[in-house]
Amino acid sequence: MTAQSATPVSARNAAFAGVLQRQGAAVVLVLGIFASWFAFPHFGTADNLRSLVLQGSFLAVIALGMTFVIISGGIDLSVGSNYALGGVLAAWGAQYGLVVAILLPLAVCSLIGFVNGLLIARTGMAPFIVTLASLLFARGLLLALTSEGATTYKVDPGSAFLWLGQGTIFGVGVPVYLALVLFALGGLLLRRTRFGQSVFAIGGAEQSALLMGLPVARTKISLYTLSGGLAGFAGVLTAAYLQSGVTVIGVGTELDAISVVVIGGTLLTGGAGTIIGTLVGVLLRTLIQNVINQIGTLDSNYQTVVSGAFLLVVVVIQRALARSRTR
């Protein structure tokens, strides 16, 4: 084979590898839905499908912020604790009205994210270390507010705040619609704005982005503020859904968010990823959990085992595809 004929073949192989990297999770999701539909009679019922998308909506909101952070080449380990803290603050604030129940957790969790971004962008500290410290800080603040978890704040049954978590529109939970709106706005922000292009540039080559004059520090601060705020908002929705501020939620949620982002095709090394891919990753993980529940004979701990194994497989495949694209 001549060099001239080899070049088009290599280009086609690289293009095919790129498609697999971006759309592989979507293909698995579609196949999984079809297989589950025929294998489990209860899977295709309206109640089960509504429950499936509702349960996925809370993680989706957290994963949206994580997508931006990972595309920039960073990581945010504090989202799980921010998620739990946001729920407790929302439940406590609900006694003072809807506005306080929403704005208080958004302000506190966004502030934690802002401090994360400030330390990472201005001091050059590693995101892993900074956000790990924030994870401990937010969880400690949560425990202090709830007397070491002994106090659970309840939301009054007549509160308008509960509509955010328990309300429905055409039979589908309100959190699902809110998550979809946020994903639509996130997609526009990432793909149609200079801010989004800066995120990709920073993740691809931060030094080059600096030489191009891009606002690297300001963008990083905004990213972590956004991630913290979205985690807090997910806590708001969960508090409205559960009608209380549950102190034990959020443990390991940061790992769940990272896994669905990576499963959706976003590279852990940064510089590549899509919002729709993260949504597919959330649905795929929720599908796996639902199938395990449908089987009934498997312990719920297998959800974590399957999710971890699936993430490992996806990362290995991503690395292999990335290598094939550079050959």
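Residues numbered from 1 in each chain as written. Predicted model: local features only at pLDDT ≥ 70, side-chain atom pairs only at ≥ 80, totals over all residues. Heavy atoms only, no water.

Let us look at the overall build of the protein chain. Looking only at helices and strands, one finds 13 helices and two strands in the protein chain. Buried positions account for 47% of the 327 residues belonging to the protein chain. Counting every atom, the protein chain has about 15,600 Å² of accessible surface; 68% of that belongs to carbon and sulfur. (Helix = DSSP H or I, 4+ residues; strand = E, 2+ residues; numbered from the N terminus. Buried < 20%, exposed > 50% of the residue type's maximum accessible area, 1.4 Å probe, protein only. Areas by Shrake-Rupley, 256 points an atom, 1.4 Å probe, with all protein chains shown as cover.)

This part covers the pattern of salt bridges. This structure, assessed with the given rule, holds three salt bridges. Here R285 and D256 are joined by a salt bridge, their closest N and O atoms 3.0 Å apart. Here R285 is found in helix α12 (residues 275-295), whereas its partner D256 is found in helix α11 (residues 253-263), with 29 residues between them in sequence. Here R285 falls in the buried class, since its relative accessible area comes to 13%. (Salt bridge = Lys/Arg side-chain N within 4 Å of Asp/Glu carboxyl O.)

Here we take up the nonpolar core. Of all hydrophobic cores here, the largest spans 56 residues; its most connected members are V61, M66, F161, L164, L190, V236 and I258. It is helix α2 (residues 46-71) that contributes the most residues to this core, 12 residues altogether. Ignoring any residue separated from it by four or fewer positions in sequence, one finds M66 in contact with D76, V79, S227, E254, A257, I258 and V261. With 10 residues, the next largest nonpolar core counts A25, F40, L284 and L287 among its residues. (Core = buried A, V, L, I, M, F, W, Y, C linked by side-chain atoms within 4.5 Å. Contact = heavy atoms within 4.5 Å.)

Take a nonpolar patch on the surface next. On the surface, a cluster of nonpolar side chains totalling about 860 Å² of accessible area is made up of L111, F114, V115, L118, L119, M125, F128, I129, L132 and L136. Those elements that place two or more of their residues in the nonpolar patch are α4 (98-123) and α5 (127-145). Here L136 lies in helix α5. (Patch = residues over 30% accessible without salt bridge, like charges linked within 9 Å, V, L, I, M, F, W, Y side chains within 5 Å.)

Here the focus is helix α10 (residues 216-242). Its 27 residues give α10 an end-to-end C-alpha distance of 39 Å, which sits within 8% of 39 Å, the value for a rise of 1.5 Å per residue. Extensive coverage of α10 is indicated by the burial of 21 of its 27 residues. Note on α10: the residue one or two positions beyond its end, Q243, has a positive phi of about 65°. (Expected span 1.5 Å × (residues − 1).)

For α2, built from 26 residues, the straight-helix expectation of 38 Å at 1.5 Å per residue is met to within 8% by its first-to-last C-alpha distance of 35 Å. The sharpest bend along α2 measures roughly 35° and falls at S57. With 19 of its 26 residues buried, α2 lies for the most part within the structure. (Bend = angle between axes of the 7 residues up to and from the residue.)

Right, let's get into the environment of L64. Positionally, L64 belongs in helix α2. Along the backbone, L64 and L182 are 118 residues apart, and their C-alpha atoms lie at a distance of 8.1 Å. Apart from the residues lying within four places of it in its own chain, the contact partners of L64 are L182, F183, G186, L230 and I275.

Taken N-terminus to C-terminus, the directions of helix α3 (residues 79-93) and α4 make an angle of 150°; their axes are 8 Å apart at the nearest point. When the axes of α3 and α4 are compared, the pair comes out roughly antiparallel. Read as a crossing pair, α3 and α4 show a hand that is right-handed. Along its contact with α3, which presents N82, L85, G86, L89, A90, W92 and G93, the element α4 presents V100, A101, L104, P105, V108, C109 and I112. Partitioning the contact of α3 with α4 into residue classes produces 11 nonpolar, three polar and no charged. (Axes fitted to C-alpha atoms, helices over the stretch in contact; angles between N-to-C directions. Parallel < 35°, antiparallel > 145°, perpendicular 65-115°, else oblique. Left-handed = near helix turned anticlockwise from the far one by under 90°. Nonpolar A, V, L, I, M, F, W, Y, C, P; charged D, E, K, R; others polar.)

In this section: the environment of G232. Mapped onto the elements, G232 comes out in helix α10. Look at G232 and you get buried, because its relative accessible area is 0%. Separated by 171 residues in sequence, G232 and V61 place their C-alpha atoms 9.4 Å apart. Beyond its immediate sequence surroundings of up to four residues, G232 is in contact with N82, G86, P105 and C109.

Moving on: unusual backbone geometry. With a phi angle near 55°, F170 is a residue other than glycine that sits in the positive phi range. Summarising the element assignment, F170 is placed in the loop between β1 (168-169) and β2 (172-173). We note that Q243 has phi near 65°; this positive angle belongs to a residue other than glycine. Looking at where Q243 falls in the secondary structure, it is placed in the loop between α10 and α11. We classify Q243 as partly exposed; its relative accessible area is 25%.

A word on the UniProt feature "transmembrane region" (unreviewed entry) in the protein chain. Those places that UniProt annotates as "transmembrane region" (unreviewed entry) correspond, in this numbering, to residues 20-40, 52-75, 95-121, 128-147, 167-190, 221-242, 257-284 and 305-322. The distance from the first to the last C-alpha atom of residues 52-75 is 27 Å, and the span holds 83% helix and 0% strand. (UniProt positions renumbered as here; feature names shortened; annotations may be inferred.)

A full pass over the atoms with the stated rule returns three aromatic pairs. Geometrically, the ring pair formed by W37 and F43 is edge-to-face, given 6.3 Å between the ring centres and 70° between the ring planes. A relative accessible area of 1% means that F43 is categorised as buried. (Phe/Tyr/Trp six-rings, centres within 6.5 Å; stacked < 30°, edge-to-face > 60°.)

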